Every structure is written in structure tokens, then in C-alpha cells.
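Topology and contacts: notes
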Amino acid sequence: MVIRPYVMEVPLAAQGLRGEQRVEDLTLRGRDAAAMSAMASGHAVPQFVVDDKDRPQPTRGIHWAIAHSSTMVAGVTSVEPVAIDVERIRPRADYQIAGAMDAEELDILGGDAVNAYFCAWVAKEAVLKLAGVGLPGLSRCRIKKAWSDHAVVSFDGIDYPVTFAFFSGHVAAVTGRPELVQWTFLPEDSDAELTPPRGGAVLF
Ligand SMILES: CC(C)(COP(=O)(O)OP(=O)(O)OC[C@H]1O[C@@H](n2cnc3c(N)ncnc32)[C@H](O)[C@@H]1OP(=O)(O)O)[C@@H](O)C(=O)NCCC(=O)NCCS
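The rules behind each value
- Sequence positions are assigned chain by chain, starting from 1 and proceeding in written order.
- Local features in this predicted model are restricted to residues of pLDDT 70 or higher, and side-chain atom pairs are both shown and tallied only at a pLDDT of 80 or more, whereas totals for entire chains, interfaces and linings draw on every residue.
- For each residue, a C-beta atom is placed from the backbone, and the residue counts as near a molecule or strand when that atom lies within 6 Å of it.
- The way it works is that DSSP assigns letters per residue, a run of H or I at least four long becomes a helix, a run of E at least two long becomes a strand, and they are numbered from the N terminus.
- By the convention adopted, Pro, Cys, Tyr, Trp, Phe, Met, Ile, Leu, Val and Ala count as nonpolar, Lys, Arg, Asp and Glu as charged, and the other residues, Gly among them, as polar.
- Counting other C-beta atoms within 10 Å of a residue's own tells you its class, since 20 or more makes it buried, 12 or fewer makes it exposed, and anything in between is partly exposed; those C-beta atoms are placed from the backbone.
- Only when DSSP finds a minimum of two bridges between them are two strands counted as paired.

Around the ligand, the surrounding shell holds 17 residues, and the nearest of these are Thr27, Ala67, Lys129, Gly134 and Leu135. Put simply, the parts of the chain that give the shell around the ligand at least two residues each are helix H2 (19-41), strand S4 (63-68) and helix H5 (113-130). Split by residue class, the shell around the ligand holds six nonpolar, five polar and six charged.

Listed below in C-alpha cells is the structure:
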């Protein structure tokens, strides 16, 4: 079972959007990325059903997940539960770094503290989305092991493998073992051959 996350740059014109328009645009772009992942994986494009807490719900056995920063979106589908996160790597204050990981986790991740911060952040956020709890669970999440492109995150006593990728000043993490993950990055000027159908959210 290969997991094929798609990561797409947000065009400059769209980065200028504000308020609700911006939120809606990023959601649709994330869903476009998930639809591309579905098509590349031979899955049916999800109907993008969400529950009352905005958690993605599977349709016809296909799970999906999206994430967006103001400059990059990511989407993925899988036959098993899956979650994803993406962040732009940017300066962080010491208190922010300390809020996302402790000294032991920094040591496990190694290297530059800001890079380690964003790796810890996307890895933990992906796992917390998979668990459906979101950031309120942050303090129960720990980086247990890490390598250059993957990590093991424990949450409430369960270990979750997470795989990283770095694109144009951003880091993304998807839940799943690295040997199963094949990333696709679409920069702003790419001519994506796959044009997914756009659908609205279905609430239940
Ligand atoms: C889920 C969460 C981590 C997302 O973080 P973010 O940086 O704002 O957003 P991201 O771009 O990474 O991901 C957004 C996507 O995650 C998904 N998502 C939203 N809430 C989710 C949840 N609780 N669990 C799993 N996935 C979730 C949605 O698909 C969402 O896309 P959309 O906003 O376009 O609909 C964050 O919003 C959160 O912690 N939410 C829960 C807060 C909560 O329940 N608080 C309780 C007290 S009010």
C-alpha cells in the first residue's frame, strides 16, 4: 500500500486573499491535492465529508487528509486512516521551540533548533489529527526516535511512524512508514496534468 501525498505551492495571487475567501481557497486547494493523491493512487476521489469538528471522514473506504499554510497545501488519500501537516520553516522564538518539544526531543531530532521545531511540530500535528484530537493533545505527544526523513511519535502510549519531506523552505509530515510514502511536489509554475473535480464539504 503506497501512500502518495501531494504538496502544492499556493500561487502568489491566491496568497493575497484575505479573511473567509482565503480560508475557503486554501481548503479547496488542499482538497485538490487530496484529489490528485486519489487519482494517482487509483482511489475514488473522496466526497470530502467532514464531521461536526471538521474531521475528515472516509467515503467508500478511502480516507483523506489535508493541511495548509499560507504558502503551501498538502493532501493525501489512503485505504487506511492517514493524516498530514505542512509548515513554512521560519524564525521561531526560544519559548515557541520549548513549547513544541523538550531538550530530549531536540536531541533526538538533532541539527538546527528551528528545523527540529518544525519537524516536531508537523510530526506531532499529523499524529494528533490522525487521533482526531488536534492541538489539545500536544502535551501527550512525544518524539521517540528520528532519522533524516522519518520519526516515531508516541501519543497516549501508541507509537506512530511519520515520514517527512522538505520542499522549497517548507516541511511536510504524513503518517506512515517511509518505505510506503511517495511524495509529489507541484511548484506554482508546474503544469499539473491532473485536474481534479472540486466538491463542497458534506456535513453530517
Ligand atoms: C486540527 C488542527 C491541529 C489543525 O491545525 P491548523 O494548523 O489550523 O490546520 P491545518 O492546515 O494543519 O489542517 C487543517 C485541516 O485539518 C483537518 N482537521 C480539522 N480539525 C481536525 C481534527 N480535530 N482532527 C483531525 N483533522 C482535523 C481539516 O481537514 C482541516 O482542513 P480545513 O480547515 O480546510 O477544513 C487544529 O485546528 C486543532 O487543534 N483543532 C482542534 C481544536 C479543538 O478541538 N479544540 C477543542 C477546544 S475548542
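Read on, since the account is not over.
With that settled, consider the pairing of strand S10 (residues 170-175). S10 sits mainly inside the fold: six of its six residues count as buried. Residues His170, Ala172 and Val174 point to one face of S10 and Val171, Ala173 and Thr175 to the other, with burial holding for every one of them. In the sheet, strand S6 (residues 84-88) pairs with S10 via five bridges, with the strands oriented antiparallel. Bridged to Asp85 within S10 is Ala173. With six bridges connecting them, strand S9 (residues 158-167) and S10 associate as antiparallel partners. Across the sheet, residue Thr163 finds its bridge partner in S10, namely Val174. With antiparallel pairing between neighbouring strands as the criterion, S9 and S10 make up a hairpin whose turn holds two residues, including Ser168 at a positive phi of roughly 45 degrees.

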